Amino acid sequence: MIAMMGALAALAAPPASVEGARLPTLAESFAEQWAYETSEDLNNAVCCSRRAGKTTGAVRRHARKLATLAPGRWTHFGSLIRRNAKKHFWAPLKAELDRIGLGYEANNTEMILVTERGTICQAFGCDDEAGTKAVQGDGSMLFTIDECHLPNDDVLKLLVDVATPMLTDNGGALDLLGLPPEDEEGFFAKALDDGGFSVFSWTMFDHDFPRSREEKLADVVERCRRRGLALDVATTEGPDGRPRYACGPGTHPIAARQYFGKRVRDPDAVAYEYQRVRNDYDPRTVDFTGPQWRHAVGLDLGFQDRDASVVVAWQVDDPRRRLYVRFYWQRNHLDVDQLKPVLGAVRDVYRPGKWTGDHGGHGAVKVMATLEAHLGVKIEAKPGDVMVSVGLVNDDLRTGRLLLPTVDVETARVRAAILARAGRYPEAMEAAKLLDGEPANLASEAGKVLKARNPRTRKVEINKKGFHSDLTEALRYAHAGAQHFRAHAPKPSESELSTEEQRILHEERIWQRERRRFPWAR
């Protein structure tokens, strides 16, 4: 550590001789890996199968930088899993510097290394947002983030935000490394697709390091057999005459992703079992008029997250017990006064007999109470057990009883109901604009919500570090509110009655009250 401090103090000195140090060469890599190691682009994304050599490429890339940068220049390597930073990068980096003959002093506790040239590398783990503070303020010529495929976008985005000013000052490069991402809406997936990154991709079967591809394939076949994963291998001959292996359509998604680098999603990891066609319907072909229809509303509250509302409908005499999603909508950064006219229009259009909402924290109880008073309805509490209610939703998805609309014909009706109050409600025009813009896509969101096993409790739960959907939460609440339709036809609430029916009911109540007050008038 003393020698390291001395090296840090001498950073302003002229570059030390690197005579004898030997940089990595193409012969020690393979073409795809070499292209990444020597990239001069400022944004690079490496998406590979497991054991393909992406971290090895990162090690050689950092070794090359440390051997050629001017004294005082830094490189950084962070992993979203701390133990991997130490095992897969820190130890191999020191071995690589020993191999090329570049001397260094290393602090294994802090994972900071200073070479004899005065260049510096820091490796670190970043399991949570607090870990980003370990590198704030440093300059960097190369900032690498590994395990970017993990569903930990909050940390990844913050780490990129930390890295960007560190790189901007010096014109350094940002590298993102990971397996094929499951979440197509995640930061890493967008980096691979949006064109702002140079993308490098290969698999363990594209090279013969450290074993031949035939040996590696035999190992994968045995591993898949033990795990019960289907494996369908297609063999072709490459331009070098060596075999090339790819996975066929019968390959299990886990094997396709981990061993062949395919961007596929494991269906077992998806929380909601929505399936196109089976769970779709065209609302223009369904007549929702008539007294046999009942409606329920699910309401999920947020602010930074979105307020979301879903309306479901069913017929009390339907032998197939189908549940139709009619209207859904979400918007964030709304106050209660902005939310009320939209929900008021939902009440007027659908006359729902059941409202179910999130009575959780962040002032939700007070907001719900305010909405109840304004709308004149009772909002029941959401289901207590998340995964049980998700399972009930999936029961109806698997059997084709829960149906989502393929086109939106309802938003216009709700918007018109808001505008109909413009005469006595001057803010109606502004409220109606809340329904403008690109409509939400409930079907798309249902296919992106993932589940995972909590490492502490070992229970399966919604993966809160992955894609977050307020719409599917509102759908879950609406579905729970409509559960009673299976057993019997519920008595319609007053809000479901027509205007004439409500008038007759009101007169009946007055007559009954008068009879109790003046029994002699019977």
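This text follows the structure it describes.
Fair warning: this is a prediction, and the values are worked out from it, not measured in the lab.

What counts and how
Residues numbered from 1 in each chain as written. Predicted model: local features only at pLDDT ≥ 70, side-chain atom pairs only at ≥ 80, totals over all residues. Heavy atoms only, no water. Helix = DSSP H or I, 4+ residues; strand = E, 2+ residues; numbered from the N terminus. Buried < 20%, exposed > 50% of the residue type's maximum accessible area, 1.4 Å probe, protein only. Contact = heavy atoms within 4.5 Å. Areas by Shrake-Rupley, 256 points an atom, 1.4 Å probe, with all protein chains shown as cover. Expected span 1.5 Å × (residues − 1). Arc of directions from axis to C-beta.

Draft legend 1. Structural view of the overall build of the protein. Scanning the protein for helices and strands turns up 16 helices and 19 strands. With 522 residues in all, the protein has 48% of them scored as buried. When contacts within the protein are restricted to residue pairs at least 6 apart in sequence, long-range pairs at least 24 apart make up 69% of them. Roughly 25,500 Å² of accessible area belongs to the protein as shown, and the carbon and sulfur atoms make up 52% of that amount.

Draft legend 2. Examining helix α10 (residues 364–375) more closely. Between its first and last C-alpha, α10 extends 16 Å over 12 residues, near the 16 Å set by a 1.5 Å rise per residue. Three or more residues of α10 are buried, namely Ala364, Met368, Leu371, Glu372 and Leu375. Around the axis of α10, the buried residues are gathered within 105° of arc, so they sit on the same side. Pointing more than 90 degrees away from the buried face of α10 are the exposed residues Lys366 and Ala373. The inward-facing, buried residues of α10 abut β12 (293–300), α9 (336–350), β15 (354–357) and β16 (379–381). One or two steps after α10, the chain reaches Gly376, where phi turns positive at roughly 70°.

Draft legend 3. Focus on helix α8 (residues 253–260). Burial analysis of α8 places six of its eight residues in the buried class, the great majority of the element. Every buried residue of α8 is accounted for by Ala255, Ala256, Arg257, Gln258, Tyr259 and Phe260. Lining the buried residues of α8 we find α7 (213–227), β9 (233–237) and β10 (243–247). Downstream of α8 by a residue or two, Gly261 has a phi angle that is positive, lying close to 70°.

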